[in-house]
Amino acid sequence: MRLIHILAFPVLALIILSARPAGLNQSHNKADTLKHHLYTAGIGGALIGGLYDGIYPYGSLKQHGNFGLGAPALLDGELIIFNGKIYQTQYTGKTFEVNDKQLASFAMVNYFHPSIKITPNKAMDKAGLFHLLDSVLTNVNGMYAIHISGTFSTLKTRAFPPVKEHQHTPLADMLSLQHFFTYNSAQGDLVGYRLPVFMDNTNISGYHFHFLSAQKNEGGHMIDLLTDHIQIEIDVLDSYNVQVPATSDYEHFDFKKNREEDIKSVERGGKAQAQTQGSKVDTMTVYRDKIDQLDKQIVQLLGERMEAARAIGTYKMVHKIGVVQSNRFNDVLQRAIAEGKQLGLSEEFIKKLYEDVHAESVRQQEALKQ
Ligand SMILES: O=C(O)C(=O)C[C@]1(C(=O)O)C=C[C@@H](O)C=C1
């Protein structure tokens, strides 16, 4: 009895997750019978882990939904499925409708039947938007398909350049290759999901949106935004299934490896973004936080440099060596100018900066004599 139960469970689970009541198929069209059902082609965790091979034709994907997102074969940008059409945004920013015969490496789709509509009355940053959605989507273990349309003061997206055939570098190790796009006064649609933690691996938990401009010529994976006037529609999903890849690479893929951190950093566009998540508000705040941190380091380093200069000053005093050493300073300056050039810093700027730093060194060394 017990043995039968154990063997029967996976089959039962498969039927519950993927089968539709037979009667419904006869009396409803496809979009109705697949109401509130999420179809996933491929495994999100495998994509994050480096399986980028195309596994599923776009034409077949359209049989399972008219709304969704995903990744093209060989990670050639980002996919969005909107109003029954599939668009690809490449790392160059080029956005176009795909050919049905081409393949996705991962995608999730559903027929979009919204039951909740929200019209926010104020502009929101990403954290504010997610906070609003959280206050409405109270089932923390629920699956939600979310459509956000309207205007955005700022919308930042990203897309990856394609990998080579059979290249399996994990996505988190390729974050530096991402191309970012910032669209100001953008109009268009965000298609996405909030999925529960138990779907991490087959899918990707939390919020995940892809963008398509109203002109259908801009898009990408949404990294950050500032809304202007938007409308939100939500479809509360109640089942999902997964089409597993039929490739030999998939057969040997190691799902035991914990990729939780990788998934977070990939979804948020990078590790720095992930760290500031929660407290940050918009793109400007992210970079101001970064500047604050860097400024702290600059002042700290200047303090340490002056400490070294004072130590040299004491040595000079003891050994009766003059404070100003023009040759030495010239060497220091030339090195800084050369390094600055490589980073796009002008000679004039470095010269001004170092003359001030040098003047302070000299002042502090002279002060030791009093
Ligand atoms: O190398 C020295 O002798 C220093 O005292 C340091 C330092 C500097 O700040 O770089 C300061 C004064 C000298 O004129 C040359 C260089």
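Residues numbered from 1 in each chain as written. Predicted model: local features only at pLDDT ≥ 70, side-chain atom pairs only at ≥ 80, totals over all residues.

A.B. asks: Could you give an account of the overall build of the protein chain, with specific residues and numbers?
C.D. replies: For the protein chain, the count of helices and strands is 12 helices and 13 strands. Taking the contacts inside the protein chain whose residues are at least 6 apart along the sequence as the reference set, 76% of them involve residues at least 24 apart. (Helix = DSSP H or I, 4+ residues; strand = E, 2+ residues; numbered from the N terminus. Contact = placed C-beta atoms within 7 Å.)

A.B. asks: Go over the site of the ligand, please, and point to the residues and values.
C.D. replies: Close to the ligand lie Ala309, Ile312, Val324, Gln325, Arg328, Phe329, Val332, His358, Ser361 and Val362, which account for all nearby residues. Of all the secondary-structure elements, those providing two or more residues to the shell around the ligand are helix H10 (283–318), helix H11 (326–342) and helix H12 (347–368). In the shell around the ligand, the residues fall into six nonpolar, three polar and one charged. (Near = placed C-beta within 6 Å. Nonpolar A, V, L, I, M, F, W, Y, C, P; charged D, E, K, R; others polar.)

A.B. asks: Now, about helix H8 (residues 260–268): what can you tell me, with residues and values included?
C.D. replies: Owing to its 3.6 residues per turn, the α-helix aligns residues three or four sequence positions apart on the same side. Along H8, the residues that are buried comprise Ile263, Val266, Glu267 and Arg268. One or two positions beyond H8, positive phi appears at Gly269, with a value near 90°. (Buried ≥ 20, exposed ≤ 12 C-beta atoms within 10 Å, placed from the backbone.)

A.B. asks: Lay out helix H6 (residues 126–136) in plain terms, naming residues and giving numbers.
C.D. replies: Residues of H6 that are buried: Lys126, Leu129 and Leu133. Buried residues in H6, looked at end-on, bunch into an arc of 65°, giving them a common side. Exposed positions of H6 whose direction lies more than 90 degrees from the buried face are His131, Asp134 and Ser135. Residues of H6 that are buried sit in contact with strand S9 (143–159), strand S10 (179–195) and strand S12 (219–237). (Arc of directions from axis to C-beta.)

A.B. asks: How would you explain the packing of H11 against H12 if you had to name every residue and give the values?
C.D. replies: Running from N to C, H11 and H12 point in directions that differ by 145°, and their axes come no closer than 9 Å. Along this stretch, H11 crosses H12, giving a crossing that reads as right-handed. Facing H11, whose interface residues are Phe329, Val332, Leu333, Ala336, Ile337 and Gly340, H12 presents Glu347, Ile350, Lys351, Tyr354 and His358. For the contact of H11 with H12, a count of residues per class yields seven nonpolar, two polar and two charged. (Axes fitted to C-alpha atoms, helices over the stretch in contact; angles between N-to-C directions. Left-handed = near helix turned anticlockwise from the far one by under 90°.)

A.B. asks: Go over the pairing of S12 with me, naming the residues and quoting the values.
C.D. replies: Here strand S8 (residues 116–118) pairs with S12 via three bridges, running antiparallel. Within the sheet, the bridge partner assigned to Ile116 lies in S12 and is Ile234. Where S9 meets S12, 14 bridges bridge the pair, whose relative direction is antiparallel. Residue pairing for S12: Arg158 is matched across the bridge by His221. Relative to S12, strand S11 (residues 206–213) is paired through three bridges, and the arrangement is antiparallel. (Pairing = 2+ DSSP bridges.)

A.B. asks: Tell me what's going on with the confidence of the model for the protein chain, and back it up with residues and numbers.
C.D. replies: Counting all residues, the mean pLDDT for the protein chain is 86, and 88% of those residues have values of 70 or more. pLDDT under 50 marks residues 1–27. Its contacts with residues more than four places away, or in other chains, come to eight contacts. Confidence drops under pLDDT 50 across residues 272–281; counting only partners more than four residues distant or on other chains, this segment forms 17 contacts. Confidence metrics for the complex model read pTM 0.64 and ipTM 0.99. (pLDDT = per-residue confidence, 0-100.)

A.B. asks: Quick rundown of the nonpolar core? Include the residues and the values.
C.D. replies: Nonpolar side chains in soluble globular proteins tend to be buried together. Judged by nonpolar contacts, the single largest core of 69 residues is most densely connected at Ile81, Ala104 and Ala107. For this core, the element with the most residues is S9, which contributes eight residues. Contacts of Ala104, omitting those with residues within four sequence positions, involve Ala41, Gly54, Tyr56, Tyr58, Leu61, Gly70, Ala71, Pro72, Ala73 and Leu79. (Core = buried A, V, L, I, M, F, W, Y, C linked by C-beta atoms within 7 Å.)

A.B. asks: Residues and numbers for unusual backbone geometry, please.
C.D. replies: Trans is the prevailing form of peptide bonds, just as negative phi is the prevailing case for residues other than glycine. Phi is positive for His36, which is not a glycine, with a value near 65°. Assignment of secondary structure puts His36 in the loop between helix H3 (30–33) and strand S1 (37–41). Its identity as a non-glycine residue notwithstanding, Leu74 has a phi of 55°, on the positive side. Of note, Leu74 is situated in the loop between strand S3 (67–72) and strand S4 (78–82). By the C-beta count within 10 Å, which is 19 here, Leu74 ends up partly exposed.

A.B. asks: Describe the environment of Ala123, with residues and values.
C.D. replies: Within the secondary structure, Ala123 is located in the loop between S8 and H6. Between the C-alpha atoms of Ala123 and Ile230, which are 107 residues apart in sequence, the distance is 8.5 Å. Not counting the four nearest positions on each side in its chain, Ala123 is found in contact with Ser153, Leu226, Thr227 and Asp228.

A.B. asks: Hey, could you go over the environment of Ile116 for me, with residue numbers and the actual values?
C.D. replies: Inspection of the secondary structure assignment puts Ile116 in strand S8. The partly exposed category is assigned to Ile116, around which 14 C-beta atoms lie within 10 Å. Taking the C-alpha atoms as reference points, Ile116 and Leu137, separated by 21 residues in sequence, lie 9.7 Å from one another. Aside from chain neighbours lying at most four places away, what touches Ile116 is Val136 and Ile234.

A.B. asks: Any details on the pairing of S4? Residues and values, ideally.
C.D. replies: Most of S4 sits out of view: five of its five residues are buried. In terms of strand pairing, S3 meets S4 through three bridges, oriented antiparallel. Across the sheet, the residue bridging to Gly68 is Ile81, located in S4. Sheet analysis places S4 next to strand S5 (residues 85–89), joined by five bridges and oriented antiparallel.

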